[in-house]
Amino acid sequence: MKTEPLLTNAGLGSINLSTLNPKYIALDSIRTDNAHVKEFLHNFQSEFWISHKMRIHHSVKVTKEHLIRDRVLIFIYKKQNFTSINDILKLVRKYNFPEKYILRLTSEYNTSNFIMFAIEADGDVAKYKIYFETSLRPFGFGFKWVGSKSVVTRYDLKPTSEYKAAIDASGFNLHPEFLDKVKITRAMSVKDENTSKRGFELEFESLYLKDISRDVSNLTHMNIYDTLKDLANLPIIHFSGGLESNGDKYFNLYFVVL
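What counts, and at which threshold
Residues numbered from 1 in each chain as written. Predicted model: local features only at pLDDT ≥ 70, side-chain atom pairs only at ≥ 80, totals over all residues. Heavy atoms only, no water. Salt bridge = Lys/Arg side-chain N within 4 Å of Asp/Glu carboxyl O. Helix = DSSP H or I, 4+ residues; strand = E, 2+ residues; numbered from the N terminus. Buried < 20%, exposed > 50% of the residue type's maximum accessible area, 1.4 Å probe, protein only. Arc of directions from axis to C-beta. Contact = heavy atoms within 4.5 Å.

Caption draft 1: Molecular detail of the pattern of salt bridges. For the structure shown, the criterion picks out 17 salt bridges. Arg-104 is the salt-bridge partner of Glu-193, the closest N and O atoms lying 2.7 Å from each other. Of this pair, Glu-193 sits in the loop between β9 (184-192) and β10 (198-207) while Arg-104 sits in helix α5 (residues 102-111), and the two are 89 residues apart along the sequence. For Glu-193, a relative accessible area of 44% corresponds to the partly exposed category. Residue class for Arg-104 comes out partly exposed when judged on its relative accessible area of 28%. For Glu-108, the salt bridge goes to Arg-137, with nearest N and O atoms at 2.3 Å. Separated by 29 residues along the polypeptide, Glu-108 in helix α5 and Arg-137 in the loop between β6 (125-133) and β7 (139-146) bring together distant segments of the chain. Accessibility expressed as a relative area gives 23% for Arg-137, which makes it partly exposed. One connected set of salt bridges, linked through shared partners, spans Arg-31, Arg-69 and Asp-230.

Structure, rendered in structure tokens:
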């Protein structure tokens, strides 16, 4: 079995070199008390995953009455002759990925440039997600599951000039003012294949919580800045929203950890 390299320092004992890696430190910096999230993050602190190019986002989902902050996305860029579908399957099967989607997941993996692993935990309930993106086509797919329930979501790229139309098509029908003050770099429409949930995804040049808190506070009964002030120093580059399958409006903020 491969072991992590150790550095011996007089008086300090042995130090695991992987713990000095910026990716390891970034994963360790995510504040959560949720056992599901902690266990999920620990996967990517292994020597194998740390060796990949990686990005990390801490996400928050907000509705009128509810906020979920135990949401994390890990972006993994495939390494030639290193990363394999078996590595992906081993991880998702650990969380009971639906076997009915294995062939489709494999097909998506084979054409993808990078993979996004994600978790959303609300108390004892954890939803796991895996997304694939490729430069070969203007759309991608995500697989999401919790227990025996699962869904496939399609993401379609739209011209950035049409971002307001993407918001309206989602049924969200609200246009936070901060979006008019920032350059939109990517816009997508979102639709579940097997539920009525639909939405939009927008990426933009980085903002901070102070820049958007007034606008998004108008979408909920919460004081967003006070609630999330521990994330105030992290840039936000992604905003999404839409309608849940029950008709409730939601939006998500994505804070860059790495």
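Here the narrative resumes, following the displayed structure.
Caption draft 2: Quick look at α5. Every buried residue of α5 is listed here: Ile-102, Leu-105, Glu-108 and Tyr-109. Seen end-on, α5 carries its buried residues on one side only, within an arc spanning 125 degrees. Those residues of α5 that are exposed and aimed more than 90 degrees away from the buried face are Leu-103 and Asn-110. Where α5 is buried, its residues contact α4 (85-94), β5 (114-122), β6 and β7.

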